[in-house]
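Below, each chain spelled out in residue letters.
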Amino acid sequence: MTEMLPRSDDLNATWNFIQPGINKILGSEDSQSTKRVNKVLSPTMYMEIYTAIYNYCVNKSRSSGHFNADRSTDIPNQSSILVGSEIYERLQKYLKHYINNFQKQPNESFLKFYVRHWKRYTIGAIFLNHTFDYMNRYWVQKERSDGKRHIFDVNTLCLMTWKETMFDPNSEVLVSEILQQITDERDGKSINRGTLTTAIKSFVALGIDPQDLKKLNLNVYIQVFEKPFLAKTEEYYREYSRNYLATHSVSEYIFEAHHILYHEEKTLSMYWDEHTKKPLSETLNKVLIIEHVDKLESDFITLLDSRDEAQLSGIYNLMNRDFTLLPKLAAVYEEYIKNSGENAVKQLLAQHRAAIVNDQNQMNDKNPNQRSINKKIMLAATNSLPPKEYIKKLLEVYNLFRGITMDCFDNDTLFAKALDNACREYINNNEFALPPGSLRSATSRTSEMLAKYSDQLLKRSTKSEISKDMSIDDIMTIFKFLTDKDAFESHYRRLFAKRLIHGTSTSDEDEESIIQRLQSENSMEYTGKITKMFQDVRLSKLLENEFDVMIKRSPDYTSAKYPEVEPFILAESMWPFTYQEVEFNLPEELKPSHEQLQNLYTSKHNGRVLKWLWPLCRAELIASIGKPGREPFIFTVTLFQLSILLLFNESNILTLEEIQDKTNLSIQNIAASMVPFIKFKLLQQIPPGLEALIKPETQFKLSTPYKALKTNINFAGGVKNDILNVLAHSSDVNARRLGKNPTGNGNNATGTNSDEELTESERIEKELSTERQIFLEACIVRIMKAKRKLPHSMLVNECIAQSHQRFNAKVSMIKRAIDNLIQKGYLQRSDDGESYSYLA
């Protein structure tokens, strides 16, 4: 194009001048469409076309007075005709004719034909838009600002013309071929991905909003491509998944489903717009997961049984794509953990019983009463289950499923909650914790076993092979699941008290550590009594030091007259010891120390009353009764045992009647104290036998010289309460024969229980029931004092909420507490019959 520029007022000359350039920009059908525009259009030609269009538009504008403000109001439509409409219309007709002349090559698919021309056409449209830049900036912009939304810039005009001429008439064919290409790739066939991507992206480019050209409009993409694509995808994978499951296992299907999802959402995502991501995922979820959810859920139990973590993770990740599917899966998981825990405890009990019965059978192979004996053995086996084995079995189940929850379910909130609920259930309610036939109000034995486990861990005398794999973390893990935390505190406090009194704790640091962790897990109130017990022991140590200094300053001080004393001053309301007065003659060797200690304490704390708990006292006794030249024995004995042994300083043989006269102890206490001596052959019983043990004429002879492998012997640990139960009835008869009170002032053998028929566990249960009732009454008063008036149901719910950290309050217990408070005048029933009012 080296001709002179056309006259600026001649439309035909101007169009004839620029049309060859437009041909080169867009490219002719017979030209090589792969050549870039800037290779076929020289800068000179580009500027000449731009200048011709510019001259025509400017000249017409001047001649029409477009920029004359006086005339623009008289001829409101003239500017749209004179400034660029003629060239715009010529270009529009040209574009339609240009597109209609496209020829599809032989054996060329419509998709390939479409993409080949689209790529060249859109590149030319961009350059064409630049050549008509002046018209776009002034005439087109003015027309659109006047509300003429059918007028577009040249690039948009090209796209709109393409949509109207090429796309709309052939969209069904085009989409059909695209979907077939996608299906081919899903089937593993090789396709031209670039062609597919270009075609699909053209749908997005053709989504033009005439009202706002800058706004992204996906209507064409969604209506023409996305909906048919999703429908085809659903149809394809519905058939594929059914066929796959018909010939493969669910486990194999899980991995296949993950492969499909990854392929569709990652590998093939290059094809479609971001808008398709969500509906595609929903479609895939529907046909791959939801429609087969029953099979997946049924196989979930099988996967849990096999502990296949890879498969469990796979099924969780599938289900997690639709959050509405997870609650049911979590419920199945919770039930499975609960059953696993209960079965684990059941198996542990069965193994323990079998081991004990087997041992007993070996000893009594020919016993005719074996069946009745086995019943007793079964009960004894259950009661003798080692705390460590029980707690470790509970932890084993928890740790197993904790790992699965973390590794397979990403510690999902639903599954973590299911784990906690299931653990709380099987830990507190299993065949051992609440045996079949237990009362509804019964307390779970897990609290007691955890307290005993703690005692084994913190007790110095526990064998190293037993305590090597025990830890405070074990205690806290089980503690957080306990429903009867008050029962644990009660049992723990009793065992803790024994460790403090007998000095058998591993260390004060260990004791303090667990108290602090219990406090942080619950509250300061929860560990209040335990903390006060610790303080009492420390204050007692100060008193011991003060007493020791005072005694050694006495003019009559000798080590024989004042043996070493370690007193414990205990707050009666904090320690788990019930005081019962026991008739007992304190040995003469201890009376000076007893009197001086009592005088010292009363002088320091005027008005306080000391009550002596004789059954809890322990002593270390040096006994030089071995062979000549052997070092003396050191016996650990109870105070009652000490008083008996000291009598043998005067005589080597004593009768039961003589011992009772001098010690004033009940026969039960004497018998219980004698059993360890007889067992370890320190004393010889004449005549021997359990029945003769409580006869007044029975003699006891000191074994001299005494033979034992160990120098330190603990006789105090051999005093067993079960001996007292065996002898209880006979002792009453013999005590009456001696003319003495059989129980020592109306009390039982140890002087620490007012009800002989109750075992220690039953006493604790009874005390717990009383404490819970008092706690609930305090809760109700606290609630009603704040609310003044409450309906029955709200008051019950408030009580349950306030007591859940200590125990599970039964509704019957709350009703009983309400009735008690009404009788005491704290509450009254309102006139409506459904509420309670607080009485100040």
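About the cut-offs
- Residues numbered from 1 in each chain as written.
- Predicted model: local features only at pLDDT ≥ 70, side-chain atom pairs only at ≥ 80, totals over all residues.
- Heavy atoms only, no water.
- UniProt positions renumbered as here; feature names shortened; annotations may be inferred.
- Salt bridge = Lys/Arg side-chain N within 4 Å of Asp/Glu carboxyl O.
- Buried < 20%, exposed > 50% of the residue type's maximum accessible area, 1.4 Å probe, protein only.
- Helix = DSSP H or I, 4+ residues; strand = E, 2+ residues; numbered from the N terminus.
- Pairing = 2+ DSSP bridges.
- Contact = heavy atoms within 4.5 Å.
- Axes fitted to C-alpha atoms, helices over the stretch in contact; angles between N-to-C directions.
- Parallel < 35°, antiparallel > 145°, perpendicular 65-115°, else oblique.
- Left-handed = near helix turned anticlockwise from the far one by under 90°.

Per an unreviewed UniProt entry, the protein chain is named Cullin family profile domain-containing protein, and its organism is Arxiozyma heterogenica. Per its UniProt entry, the protein chain bears the Sequence similarities (unreviewed entry) comment "Belongs to the cullin family."

Engineer: Even after reading the chapter, I still don't get the pattern of salt bridges, so can you show me in this structure?
Structural biologist: Side-chain pairs of opposite charge can arise whenever the charged atoms involved come near each other. Enumeration according to the criterion identifies 40 salt bridges in this entry. Between Glu185 and Arg193 there is a salt bridge; the shortest N-O distance is 2.5 Å. Classification of Arg193 by relative accessible area gives partly exposed; the value is 34%. Linking Lys392 and Asp474 is a salt bridge whose minimum nitrogen-to-oxygen distance equals 2.7 Å. Residue Lys392 is located in helix α17 (residues 387-407), and its partner Asp474 is located in helix α21 (residues 472-479); the two are separated by 82 residues in the primary sequence. Residue classification places Lys392 among the partly exposed residues on the basis of a relative accessible area of 22%.

Engineer: Explain the pairing of strand β2 (residues 633-638) here, please?
Structural biologist: Each regular strand carries side chains that alternate between the two faces of the sheet. Bridge count between strand β1 (residues 618-623) and β2: six bridges; the pairing is antiparallel. Directly across from Ile622, in β2, lies its bridge partner Ile634. Relative to strand β6 (residues 712-714), β2 runs parallel, the two sharing three bridges. Looking at the pairing, Thr636 lines up with Asn714 of β6.

Engineer: Teacher, can you tell me more about the environment of Ile466 here?
Structural biologist: Mapping Ile466 onto the fold places it in helix α20 (residues 464-467). Classification of Ile466 by relative accessible area gives partly exposed; the value is 32%. Taking the C-alpha atoms as reference points, Ile466 and Lys388, 78 residues apart in sequence, are found 8.2 Å from one another. Apart from residues lying up to four places away in sequence, Ile466 is in contact with Lys388 and Gln456.

Engineer: Would you mind showing me how to read the side chain of Ser593 here?
Structural biologist: Within the secondary structure, Ser593 is located in helix α25 (residues 591-604). Residue classification places Ser593 among the buried residues on the basis of a relative accessible area of 4%. Once residues within four sequence positions are removed from consideration, Ser593 is found in contact with Phe547, Lys561, Tyr562, Pro563 and Val565.

Engineer: I tried to follow the packing of helix α8 (residues 154-186) against helix α9 (residues 193-205) on my own but got confused; where do I start?
Structural biologist: For any two helices packed against each other, the geometry is given by the interaxial angle and the distance between the axes. It is at 10 Å that the axes of α8 and α9 come closest, and there the two elements cross at 140 degrees. Between α8 and α9, the interaxial angle falls into the category oblique. In this structure, α8 crosses over α9, and the sense of that crossing is left-handed. Residues Leu159, Phe167, Leu174, Val175, Ile178, Gln181, Ile182 and Glu185 of α8 form the contact with α9, whose own contacting residues are Arg193, Leu196, Ala199, Ile200, Phe203 and Ala205.

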